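Remarks on the overall topology
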Amino acid sequence: MMPQLQFRDAFWCRDFTAHAGYEVLLQRLLDGRKMCKDVEDLLRQRAQAEERYGKELVQIARKAGGQTEINSLRASFDSLKQQIENVGSLHIQLALALREELRSLEEFRERQKEQRKKSKKTYEQKCRDADEAEQAFERISTSGNQKQVEKSQNKAKQCKDSAIEADRVYRQNIEQLEKVRAEWEQEHRTTCEAFQLQEFDRLTILRNSLWVHCNQLSMQCVKDDELYEEVRLVLEGCNVDADIDGFIQAKSTGTEPPAPVPYVSYYDREVTPSGSPGVPASCGMIKRFSGLLHGNPKTTANAALAASTETLTSTPERNEAVYAAIAVKDTGAPTKDYRALYDYRAQNPDELDISTGDIMEVILEGEDGWWTVERNGQRGFVPGSYLEKL
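Here's what I pulled together on the structure shown here. (Residues numbered from 1 in each chain as written. Predicted model: local features only at pLDDT ≥ 70, side-chain atom pairs only at ≥ 80, totals over all residues. Heavy atoms only, no water.)

Examined bridge by bridge, strand S4 (residues 370-375) and strand S5 (residues 378-383) share 6 bridges and lie antiparallel to one another. By the bridge assignment, Arg375 is partnered in S5 with Gln378. Taking the residues that link successive antiparallel strands as the turn, the S4-S5 hairpin has 2 residues, and the phi of Asn376 there is positive, at about 55°. (Pairing = 2+ DSSP bridges. Helix = DSSP H or I, 4+ residues; strand = E, 2+ residues; numbered from the N terminus.)

Put into structure tokens, the structure is as follows:
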């Protein structure tokens with residue numbers, strides 16, 4: 001098994017003043033921060049979607065009707081509405097859980113941000129100290145060599161003392177630089193370890209967060225299926241025949257149809273002498289109107305008109321008996337003028353064409369809505385609703 005790789009062993013540079021390894025680690029941390037934000041955005045949008053979905057389900061369940069249904073189907077429908085509302089409530093709870101997970105990620109990102117700032121500040125300060133120490137060493141070394149040359153030309157003793165002093169200062173600077181380098185190396189290792197720990201924490205947190213998110217969605221699906229299974233169980237108890245029987249028992253209006261209407265023929269009666277009780281004195285006149293009683297009022301209106309004219313000469317009692325049995329009504333008054341409200345084109349030979357504004361006389365008002373009118377010497381049927389009285 002291969003040993004676990006470490007940041008502190010993989011991001012060195014041959015040049016003491018180079019910072020390429022640190023820049024690589026810093027870029028990785030920046031990329032990790034962006035990944036945290038992406039996961040936060042995903043959880044935030046998913047929480048908003050779950051909340052909207054849950055609220056819409058609750059609203060749909062509460063607005064659903066079904067109050068007119070009865071018996072087991074009503075119970076099944078009520079169970080479905082209740083479970084839909086429960087599913088909506090669970091999705092709202094899921095949205096709250098996602099927001100809680102989102103809050104944990106935000107807090108973790110802020111903690112890592114502070115740690116990065118602290119580690120970066122310390123590391124950069126050590127690097128600056130190392131650079132300043134190296135520059136100071138070079139400056140002093142150069143200055144010392146120049147003095148040595150000058151003093152060697154003037155005085156050998158002074159040159160020797162200066163060389164010894166320069167060597168001492170050089171060694172002192174070397175020792176100081178080595179001390180700074182050692183401190184920087186240690187700080188670099190510490191910084192790499194801190195960065196690796198942060199990277200480990202970040203990957204662990206994101207992995208666990210996504211795992212929890214998938215588990216929450218899976219559990220939501222299971223809960224949804226359990227709630228819908230309860231609806232299916234209620235639907236299994238829905239008995240169509242029992243619902244029909246219950247409706248009939250609750251709303252029944254009777255079990256027997258009405259008796260058939262008897263047919264009584266007036267035409268087979270014998271005419272009794274005038275004055276016999278219970279028998280109309282106008283049986284002969286009724287036979288004259290048999291065509292009206294069994295035919296189309298439009299096609300027999302002329303016969304009715306002729307019969308009504310003849311009846312005018314009969315006794316008042318006979319006249320009353322005849323018109324009580326006929327489904328037409330005479331105006332009982334002189335003909336009246338009417339105006340056509342609409343155009344009408346005759347559909348049958350016994351009908352009359354009229355145009356809007358035509359003036360005509362109504363001869364007979366049929367109770368079936370067809371009136372007999374006369375215009376310019378022509379007589380025929382027109383719809384009574386097309387006319388208005390002048």
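Glancing now at a nonpolar patch on the surface. Taken together, the side chains of Val240, Ile244, Phe247 and Ile248 make up a nonpolar region of the molecular surface, amounting to roughly 380 Å² of accessible area. By secondary structure assignment, the location of Phe247 is in helix H4 (residues 240-251). (Patch = residues over 30% accessible without salt bridge, like charges linked within 9 Å, V, L, I, M, F, W, Y side chains within 5 Å. Areas by Shrake-Rupley, 256 points an atom, 1.4 Å probe, with all protein chains shown as cover. Salt bridge = Lys/Arg side-chain N within 4 Å of Asp/Glu carboxyl O.)

Inspection of every chain in the model, using the stated rule, returns 17 salt bridges. Residue Lys34 pairs with Asp38 through a salt bridge whose shortest N-O separation is 3.4 Å. Linking Lys34 with Asp38, this pair stays in helix H1 (residues 20-63), spanning 4 residues, or about one helical turn. A residue is classified by how much of its surface remains accessible, and Lys34, at 52% relative accessible area, is exposed. By relative accessible area, which is 36% here, Asp38 ends up partly exposed. Its salt-bridge partner being Lys81, residue Asp78 comes within 3.8 Å of it at the nearest N-O pair. Taken together, the residues span about one helical turn, with Asp78 and Lys81 both in helix H2 (residues 71-154) at a distance of 3 residues. Taking the relative accessible area as the measure of exposure, Asp78 reaches 29% and is therefore partly exposed. Accessibility expressed as a relative area gives 14% for Lys81, which makes it buried. Each of Arg28, Glu199 and Arg202 takes part in a single network of salt bridges with overlapping partners. (Buried < 20%, exposed > 50% of the residue type's maximum accessible area, 1.4 Å probe, protein only.)

What follows concerns the nonpolar core. Counting residues in hydrophobic clusters, the biggest one holds 12 residues: Cys36, Val39, Leu43, Ala47, Leu94, Ala95, Leu98, Leu102, Leu105, Phe108, Leu206 and Leu217. At the level of elements, H1, H2 and helix H3 (156-236) are the ones that each hand at least two residues to this core. For this core, the element with the most residues is H2, which contributes 6 residues. Residue contacts for Val39: discarding those within four places in its chain leaves Leu105, Leu206 and Leu210. Counting 11 residues, the second-largest nonpolar core is a separate cluster that includes Leu352, Val373, Val382 and Leu387. (Core = buried A, V, L, I, M, F, W, Y, C linked by side-chain atoms within 4.5 Å. Contact = heavy atoms within 4.5 Å.)

Estimates place the volume of the second largest pocket at around 200 Å³. Along its surface, the second largest pocket is lined by Gln4, Leu5, Gln6, Phe7, Gln196, Glu199, Phe200 and Leu203. When its residues are assigned to classes, the lining of the second largest pocket shows 4 nonpolar, 3 polar and 1 charged. (1 Å grid on protein atoms, 1.4 Å probe; cavity = no way out; pocket = protein on both sides within 12 Å on 5 of 7 lines; lining within 4 Å. Points joined across faces, edges and corners; volume = space filled by probe spheres on them. Nonpolar A, V, L, I, M, F, W, Y, C, P; charged D, E, K, R; others polar.)

Turning next to the packing of aromatic side chains. Taken as a whole, this structure holds 4 aromatic pairs when the rule is applied. With centroids separated by 6.1 Å and ring planes inclined at 65°, the aromatic side chains of Tyr344 and Trp370 adopt a geometry described as edge-to-face. Placement of Tyr344 in the loop between strand S2 (336-340) and strand S3 (359-366) and of Trp370 in strand S4 is noted, with a sequence separation of 26 residues between them. By relative accessible area, Tyr344 is classed as buried at 10%. Relative to Tyr386, the ring of Tyr344 has its centre 5.8 Å away and its plane inclined at 80°; by these criteria the two rings are edge-to-face. Here the residue Tyr344 occupies a position in the loop between S2 and S3, and Tyr386 occupies one in the loop between S5 and strand S6 (387-389), the gap between them amounting to 42 residues. What makes Tyr386 partly exposed here is its relative accessible area of 25%. Cluster of aromatic residues (ring-pair linked, three or more members): Tyr342, Tyr344, Trp370 and Tyr386. (Phe/Tyr/Trp six-rings, centres within 6.5 Å; stacked < 30°, edge-to-face > 60°.)

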